[in-house]
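Observations on chain architecture
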Amino acid sequence: MSTIHVEVSAIIPARPETIYAILADYRVGHPAILPKPYFTALVLEQGGQGAGTVIQVHMSVMGARRRYHMTVSEPEPGRVLVETDAEAGVVTTFTVEPAGSGEQARVTIATDSPGGSALERWITPVVTRRIYRKELAQLAAFVRAEA
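Structural notes, computed from the coordinates.

Concerning the sheet that holds strand E7 (residues 104–114)
Pairing between the strands of a sheet comes from backbone hydrogen bonds, and it takes one of two forms, parallel or antiparallel. Here we have seven strands laid out as an open sheet, ordered E1-E7-E6-E5-E4-E3-E2, and antiparallel in their pairing. Lying at the two open borders of the sheet, with one neighbouring strand each, are strand E1 (3–12) and strand E2 (39–46). Direction aside, neighbouring strands of the sheet carry axes that sit 20° apart on average. With six bridges joining them, E2 and strand E3 (residues 54–61) adopt antiparallel strand pairing. In the sheet register, Ala-41 faces E3, and the bridge partner there is His-58. Sheet strands in contact with helix H1 (residues 16–24) are E1, strand E4 (64–76), strand E5 (80–85), strand E6 (90–99) and E7, and its direction is about 160° off that of E6. Sheet contacts for helix H3 (residues 118–146): E1, E2, E3, E4, E6 and E7; angle to E1, the most-contacted strand, approximately 25°.

Below is the structure:
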């Protein structure tokens, strides 16, 4: 089966460690940046800070409702955060890298998921990129509000 890969990056005017701390915080930070109406709920089941956190993510996209059961890992703490739904075969990676003089961060959200029909392989990247652009914009707004 084919894989659908979607990736979006943005430069955010904040230190990389600040951005990473928001992404790894599943109690306040991460839920605050999820764009509605696509993300309808984030339910914290276990943990709440980085690796070992277990969450349910409820989504509604183009009339389709999905629930993902994600386990968080940190293959490179402070730089790479990964959410994995082993059953659905969906992996979302957040990568935070210094940009400019170190007062900015390049944040990349990338998802790999199983490919479906030809229509799904065509439309999923288009819609997901739109969602991730909004998520990155909300991350930048959250950082500004916290400053």
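Observations regarding the packing of H1 against H3
Between H1 and H3, the least distance of the axes is 11 Å, while the angle of their chain directions is 110°. Viewed along their axes, H1 and H3 adopt a mutual orientation that is roughly perpendicular. Along this stretch, H1 crosses H3, giving a crossing that reads as right-handed. Residues Ile-19, Ile-22 and Leu-23 of H1 lie in contact with H3, whose contacting residues are Leu-139, Phe-142 and Val-143. In terms of residue class, the contact of H1 with H3 is built from six nonpolar, no polar and no charged.

Quick word on the nonpolar core
Grouped together as the largest cluster of nonpolar side chains are 35 residues, with contacts concentrated most on Ile-19, Leu-23, Met-59, Leu-81, Val-107, Ile-131 and Leu-139. Put simply, the parts of the chain that give this core at least two residues each are E1, H1, E3, E4, E6, E7 and H3. Top contributing element to this core by residue count: H3, with eight residues. Setting aside residues up to four positions removed in sequence, Leu-139 forms contacts with Ile-12, Ile-19, Ile-22, Leu-23, Ile-33 and Val-107.

Calculation notes
Residues numbered from 1 in each chain as written. Predicted model: local features only at pLDDT ≥ 70, side-chain atom pairs only at ≥ 80, totals over all residues. Heavy atoms only, no water. Pairing = 2+ DSSP bridges. Helix = DSSP H or I, 4+ residues; strand = E, 2+ residues; numbered from the N terminus. Axes fitted to C-alpha atoms, helices over the stretch in contact; angles between N-to-C directions. Contact = heavy atoms within 4.5 Å. Parallel < 35°, antiparallel > 145°, perpendicular 65-115°, else oblique. Left-handed = near helix turned anticlockwise from the far one by under 90°. Nonpolar A, V, L, I, M, F, W, Y, C, P; charged D, E, K, R; others polar. Core = buried A, V, L, I, M, F, W, Y, C linked by side-chain atoms within 4.5 Å. Buried < 20%, exposed > 50% of the residue type's maximum accessible area, 1.4 Å probe, protein only.

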